[in-house]
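# A look at the structure
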Amino acid sequence: MENILQEIGIDNYIYLSTLLFCVGAFGVLYRRNAIVMFMSIEIMLNAVNLLLVAFSTYHQDAAGQVFVFFSMAVAAAEVAVGLAILVAVYRNLNGIDIDNLKNLKG
């Protein structure tokens, strides 16, 4: 079996990664729900990880794939902390709308 990157082409990976990143950026900029914003940030991070793996495979260097592994571990920790903060905010404000978080300024 030939290299899958040669069959599909790196252009398609770049297009897919760009599309995913734009969808994530749109979600962060235009949605006011904190959970949707967290999911959009994760989509953007996964788009970058996809591009790192594609370029790593294209250049036949495993350093990009190792970096993606650590990046996903940090993202998992970020989601755990972020969701814990969101649960605490929901318990205090009975909602997770970003506009309501302005009231938390002390």
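As a convention, each chain's residues are numbered from 1 in the sequence order in which they are written. Side-chain atom pairs in this predicted model are given and counted only at pLDDT of 80 or more, local residue features only at pLDDT of at least 70, and totals for whole chains, interfaces and linings cover all residues. In computing side-chain properties, one takes all heavy atoms of the structure into account and sets aside hydrogens as well as water.

## Things to note about the packing of aromatic side chains
- Each Phe, Tyr or Trp ring (for Trp, its six-membered ring) is paired with any other whose centre lies within 6.5 Å, and the angle between the two planes then decides the class: stacked below 30 degrees, edge-to-face above 60, tilted in between. Tallying each qualifying case throughout the model produces 2 aromatic pairs.
- On the basis of an interplanar angle of 45° and a centroid distance of 4.8 Å, the ring pair of F26 and Y30 is categorised as tilted. Pair noted here: F26 and Y30 are both in helix α2 (residues 10–30), with a separation of 4 residues, about one helical turn.
- For Y30, a relative accessible area of 59% puts it in the exposed group. For helices the rule is a DSSP run of H or I covering at least 4 residues; for strands it is a run of E covering at least 2, with both sets numbered from the N terminus onward. For the exposure calls, accessible area comes from a 1.4 Å probe over protein chains only, and a residue counts as buried if that area is under 20% of its type's maximum, exposed if over 50%, partly exposed in between.

## Some words on the environment of A54
- Mapped onto the elements of the fold, A54 is located in helix α3 (residues 34–58).
- Separated by 10 residues in the primary sequence, A54 and G64 place their C-alpha atoms 8.7 Å from one another.

## Here's the deal with α3
- The terminal C-alpha atoms of α3 lie 36 Å apart, and with 25 residues this matches the ideal 36 Å at 1.5 Å per residue to within 8%.
- Looking only at α3, the buried set comprises A34, V36, M37, S40, E42, M44, A47, N49, A54 and S56.
- Pairs of N or O atoms within 3.5 Å make up the polar contacts considered here, provided that, within protein, one atom can donate a hydrogen while the other can accept it, and that residues adjacent in sequence are counted only when both atoms are side-chain atoms. Of the residues that open α3, the one with a side-chain oxygen 3.2 Å from the backbone nitrogen of I35 is N33.
- Q60 sits one or two residues past α3 and shows a positive phi near 55°. The span you would expect from a helix comes to 1.5 Å times its residue count less one.

## Some details on a nonpolar patch on the surface
- Residues enter patches when their relative accessible area tops 30% and they take part in no salt bridge; the joining distance is 9 Å for like charges and 5 Å for the nonpolar side chains Val, Leu, Ile, Met, Phe, Trp and Tyr. Surface exposure here means Shrake-Rupley accessible area, sampled with a 1.4 Å probe, where a residue is shielded only by the protein chains that are shown. Throughout this description, the term salt bridge denotes a Lys or Arg side-chain nitrogen within 4 Å of a carboxyl oxygen of Asp or Glu. Nonpolar side chains collect at one region of the surface, where L16, L19, L20, V23 and I43 lie side by side and expose about 390 Å² of accessible area between them.
- Counting residues per element, the nonpolar patch draws most heavily on α2, which supplies 4 residues.
- In this fold, V23 is placed in helix α2.

## Notes on helix α4 (residues 63–93)
- Under the 1.5 Å per step criterion, the end-to-end length of α4 is 44 Å for 31 residues, consistent within 8% with the ideal 45 Å.
- Turning to α4, its buried residues are G64, V68, S71, A75, G82, L86 and V89.
- It only takes one pair of heavy atoms within 4.5 Å for two residues to be counted as in contact. Buried residues in α4 make contact with α3.
- Directly beyond the C-terminal end of α4, a positive phi value near 60° is found at N94.

## Details of the side chain of S40
- Counting through the fold element by element, S40 comes out in helix α3.
- Residues in contact with S40, not counting those within four places in the same chain, are G24, G27 and V28.

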